[in-house]
Each structure stands twice: as structure tokens, then as C-alpha cells.
Amino acid sequence: MSTALIVIDVQTDFCPGGALAVPGGDEVVAPINAMMDRFDAVILTQDWHPAGHSSFASSHAGKQPFDTAEMAYGQQVLWPDHCVQGTKGAAFHPALRTEGDLIIRKGFRPAIDSYSAFFENDQTTPTGLEGYLRSRGITDLTLVGLALDFCVAFSAMDARRLGFSVKVEQAACRAIDLDGSLETQMENMRQRGVIFA
């Protein structure tokens, strides 16, 4: 076994009509479902915030969604409340196949956000995904999902930093593109050796 498909945050709140909708977010579901059987393992990630999470603009007086705030771990984009644990918005898109090998929930610590499937935003607190992949002998990762310029990008760059071979299937991703974030993150991923298909 050496290959895994990492399905990043294909959740209701990131799809049209959701609290933090990624344009065309639901368009990734069919291609992801079609890809799943080609891999030795399928891992899904799920944004899983408690109510009142520190990354929510509503938790900061005078702040609006997409403002930034300085946190102990650095600058944080403040988001609309989204993917709150146990809500419909936190659920996987209803048409997404979810019979994967593992679900990694991230962003559940109240004081720190988590874009990456591998680390919280402090870049030191692990999610456990690296250990799982290594224990299964998985070396080659294909990443898909939402959003390409945030959670997919940070996951891809962390995976490369950890020594995994990483490919991003762009046809099965969509981006937020917040103030040019897509172009910046695409270049960051290329510089770190991420392959695009």
C-alpha cells in the first residue's frame, strides 16, 4: 500500500448556500467520488469548530468576516461562523461518498484554527494524520477538496515538508481566492514541489 486520496473539507458550509460557501464547491463531489476506488486508502478531513471558535469574526468585538486578527500563532483570517460541531453545516456534502478509511477532524481546539490536515495553524500541534499514513506505509498523496487556496494548499505544503509525494487534482478542487490568495498559494505549492494534475 502506498497511495492515499486526501479529501479536504467537502462540507455543507463550504458549498453553495453554506455559511462560508466556496464558489462551485459542490462541483467537486462527483469527480472525488469517481476517484476514490483508485487509491489504497481514502482519508476525509472535516472542519469541526466549537461554537464561539477564536477564528470566527463574531468572537471579536468590532471585527467583520475576512478581517484579520493577531493570534498567539500569528495572523489569522476571521471567518463567518462555519462548520460548528454537530450542525448541518459541519456535515459532509450529502452526495459525497464517506466510506473512507479515516476521518480527521480539525479546528476543534477553541483557541487555534487548523487549515492543514497535518497541523494546527501553530504549525506544531499535529492532527495525527502523519502517523496514520506512516503506519500504513503510505507515501504518495493526492489531495482534493475545499478550498484550494487555504486548507488544500496548507495540507499539500505540510505533506511535502514531511516528505510525502504530493499531487493536487485541480479539477476536484475549488478556491475562495481571497484578495489574490489563489495565485499566491499556487506559487507557494509549486516552490515546495507539489505536482498539479
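Summary of the structure given here. Note that the structure is predicted; figures quoted are calculated from it, not measured. (Residues numbered from 1 in each chain as written. Predicted model: local features only at pLDDT ≥ 70, side-chain atom pairs only at ≥ 80, totals over all residues. Heavy atoms only, no water.)

Topic: the layout of surface pockets
Then, number 1: Reported here for the largest pocket is a volume of approximately 280 Å³.
Then, number 2: Forming the boundary of the largest pocket are 14 residues, of which Gln 75, Gln 76, Val 77, Tyr 115 and Phe 154 lie nearest the centre.
Then, number 3: Going through the elements one at a time, strand E4 (74-77), helix H3 (148-161) and helix H4 (181-191) are the ones with two or more residues in the lining of the largest pocket.
Then, number 4: For the lining of the largest pocket, the residue count by class is 5 nonpolar, 8 polar and 1 charged. (1 Å grid on protein atoms, 1.4 Å probe; cavity = no way out; pocket = protein on both sides within 12 Å on 5 of 7 lines; lining within 4 Å. Points joined across faces, edges and corners; volume = space filled by probe spheres on them. Helix = DSSP H or I, 4+ residues; strand = E, 2+ residues; numbered from the N terminus. Nonpolar A, V, L, I, M, F, W, Y, C, P; charged D, E, K, R; others polar.)

Observations concerning the sheet that holds strand E6 (residues 140-146)
Then, number 1: Strands sit in the order E5-E2-E1-E6-E7-E8 across an open sheet of 6 strands; the sheet is parallel. Strands with a single pairing partner mark the edges of an open sheet, and in this sheet they are strand E5 (102-106) and strand E8 (195-196).
Then, number 2: Where strand E1 (residues 3-8) meets E6, 6 bridges bridge the pair, whose relative direction is parallel. Residue pairing in the sheet places Leu 5 in a bridge with Thr 142 of E6. (Pairing = 2+ DSSP bridges.)

Digging into the pairing of strand E3 (residues 68-71)
Then, number 1: Here E3 shows one buried face, formed by Ala 69 and Met 71, and one open face, formed by Thr 68 and Glu 70.
Then, number 2: Where E3 lies against E4, 4 bridges are found, and the strand directions are antiparallel. The residue of E4 that forms the bridge with Glu 70 is Gln 75.
Then, number 3: The hairpin turn running from E3 into E4, its antiparallel successor, is 2 residues long. (Buried < 20%, exposed > 50% of the residue type's maximum accessible area, 1.4 Å probe, protein only.)

Things to note about the nonpolar core
Then, number 1: One finds Val 7, Phe 118, Leu 133 and Leu 141 to be the most contacted residues of the largest nonpolar core, which totals 60 residues.
Then, number 2: With 8 residues, the top contributor of residues to this core is H3.
Then, number 3: Residue contacts for Val 7: discarding those within four places in its chain leaves Ile 32, Met 36, Val 42, Ile 43, Leu 44, Thr 45, Leu 96 and Val 144. (Core = buried A, V, L, I, M, F, W, Y, C linked by side-chain atoms within 4.5 Å. Contact = heavy atoms within 4.5 Å.)

Digging into empty space enclosed by the protein
Then, number 1: For the structure shown, the criterion picks out 1 cavity of 30 Å³ or more.
Then, number 2: Volume-wise, the largest cavity comes out at about 120 Å³.
Then, number 3: Forming the walls of the largest cavity are 16 residues, and the residues nearest its centre are Phe 14, Leu 20, Asp 47, Phe 150 and Cys 151.
Then, number 4: Tallied by class, the residues present in the lining of the largest cavity amount to 10 nonpolar, 3 polar and 3 charged.

Here's the deal with the packing of H3 against H4
Then, number 1: Interaxial distance between H3 and H4 falls to 10 Å at its minimum, and their mutual angle equals 10°. Taken together, H3 and H4 sit at an angle that is classed as roughly parallel. Judged by residue contacts, Leu 148, Asp 149, Phe 150, Ala 153, Phe 154, Ala 156 and Met 157 of H3 engage Ser 181, Leu 182, Gln 185, Met 186, Asn 188 and Met 189 from H4.
Then, number 2: A breakdown of the residues in the contact of H3 with H4 according to their chemical character gives 9 nonpolar, 3 polar and 1 charged. (Axes fitted to C-alpha atoms, helices over the stretch in contact; angles between N-to-C directions. Parallel < 35°, antiparallel > 145°, perpendicular 65-115°, else oblique.)

Considerations on the pattern of salt bridges
Then, number 1: Considering all chains together, one arrives at 11 salt bridges under this definition.
Then, number 2: For Asp 101, the salt bridge goes to Arg 136, with nearest N and O atoms at 3.8 Å. Pair noted here: Asp 101 is in the loop between E4 and E5 and Arg 136 is in the loop between helix H2 (129-135) and E6, with a separation of 35 residues, a long-range link.
Then, number 3: Classification of Asp 101 as partly exposed rests on a relative accessible area of 42%.
Then, number 4: Exposure remark for Arg 136: the relative accessible area of 26% places this residue in the partly exposed category.
Then, number 5: Via salt bridges that share partners, Asp 9, Asp 47 and Lys 106 belong to a single interconnected network. (Salt bridge = Lys/Arg side-chain N within 4 Å of Asp/Glu carboxyl O.)

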